[in-house]
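Below are the chains, spelled out letter by letter.
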Amino acid sequence: MNMDIKTLFVLLLVAGIIGGFSINNYLVSDESFEGIKVGSEAPDFSLTDTEGNEFSLSDYEGEKVLVLEFMNMNCGTCKNFEKDAMKSYCNESMPEDVEVISVTQTKNTDESKLAERSDEMGWRFMKGSSEMTDTFGADRSPTVVIIDKDGIITFLESGSMSKSELEENINAALE
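Owing to the predicted nature of the structure, the values given are computational and were not obtained by experimental measurement. (Residues numbered from 1 in each chain as written. Predicted model: local features only at pLDDT ≥ 70, side-chain atom pairs only at ≥ 80, totals over all residues. Heavy atoms only, no water.)

Even after reading the chapter, I still don't get the side chain of N169, so can you show me in this structure?
Take N169: it is sitting in helix α6 (residues 163-174). Among the polar contacts made by the side chain of N169, one reaches the main-chain carbonyl oxygen of E165 at a distance of 2.8 Å. The residues touching N169, leaving out its near neighbours within four places in the chain, are I146, F155 and M161. (Helix = DSSP H or I, 4+ residues; strand = E, 2+ residues; numbered from the N terminus. Polar contact = N/O pair within 3.5 Å; in protein donor to acceptor, adjacent residues only side chain to side chain. Contact = heavy atoms within 4.5 Å.)

Before we go on, may I ask you to explain the sheet that holds strand β6 (residues 98-104) in this structure?
Paired through backbone hydrogen bonds, the strands of a sheet run either parallel or antiparallel to each other. The strand order across the open sheet built from 5 strands is β7-β6-β5-β8-β9, with neighbouring strands paired in mixed fashion. Of all the strands in the sheet, the pair left with one neighbour each is β7 (124-127) and β9 (153-158). The mean angle between the axes of side-by-side strands here comes to 20°, regardless of whether they run parallel or antiparallel. One ladder, built from 7 bridges, connects strand β5 (residues 65-71) with β6; its direction is parallel. Across the sheet, the residue bridging to V67 is V100, located in β6. Each of β5, β6 and β7 is contacted by helix α4 (residues 111-121), which is oriented at about 160° to β7, the strand it contacts most. (Pairing = 2+ DSSP bridges. Axes fitted to C-alpha atoms, helices over the stretch in contact; angles between N-to-C directions.)

Would you take a moment to explain the environment of G122 for this structure?
Structurally, G122 is set in the loop between α4 and β7. Counting along the chain gives 36 residues from G122 to M86, while the straight-line C-alpha distance between them is 9.6 Å.

How do you make sense of the packing of helix α3 (residues 76-92) against α4 when you look at a structure like this?
The description of two helices packed together rests on the angle between their axes and the distance between the axes. As a packed pair, α3 and α4 sit with axes 11 Å apart at the nearest point and diverge in direction by 30°. Here α3 is positioned roughly parallel relative to α4, judged by the angle of their axes. Residues C78, K79, E82, K83 and K87 of α3 lie in contact with α4, whose contacting residues are R117, E120 and M121. (Parallel < 35°, antiparallel > 145°, perpendicular 65-115°, else oblique.)

Any chance you could explain the packing of aromatic side chains here in plain terms?
Evaluation of the coordinates by the stated rule reveals 5 aromatic pairs. With centroids separated by 5.9 Å and ring planes inclined at 85°, the aromatic side chains of F45 and F136 adopt a geometry described as edge-to-face. Of the two residues, F45 is situated in the loop between β2 (36-37) and β3 (46-48) and F136 in the loop between α5 (130-135) and β8 (143-147); the sequence distance between them amounts to 91 residues. F136 shares its class with F45; the two are buried. (Phe/Tyr/Trp six-rings, centres within 6.5 Å; stacked < 30°, edge-to-face > 60°. Buried < 20%, exposed > 50% of the residue type's maximum accessible area, 1.4 Å probe, protein only.)

How should I be thinking about the environment of E69 in this particular structure?
Residue position: E69 is located in strand β5. As a C-alpha pair, E69 and V145 span 76 residues in sequence and 6.5 Å in three-dimensional space. Not counting residues within four places of it along the chain, the set of residues in contact with E69 comprises C78, F81, E82, M86, I101, S102, V103, P142 and T143. Side chain to side chain, E69 and S102 meet in a polar contact 2.5 Å long.

In structure tokens:
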């Protein structure tokens, strides 16, 4: 079967849409987006969780490594990554000086659905903003950003990863 690259791309794109994964996860692996890159200082931001608690990145500075997962509520890749890697990490091996927060990019997300997902997974889920998504270049889901205790981005990548890859990248931020 002969197939040109354009046809192959269209088939992969259709398969991705039907299968619930992003073709970008397989074609793009960026370490920098829109000026934000590994090794740079993370911009401060504020978010409010489903219980009304507001927090800022600066609240964790000097105390915790922050793992941000930019996700969409209906993204199959996001759900699988959360279930297979993040939940396992959080339940089995997460040190007390690590905080995991999932930030939805889904517009008009119902707070109760975020609260349900938070209860199911065991960490906080919050509504993000277009500005925050743009700032971190998180236009693909999931995008994981790891920020060390000094506020420096140590990891920035789109796409899913295994629990061991997640743990390895968090451990690097803890060093």
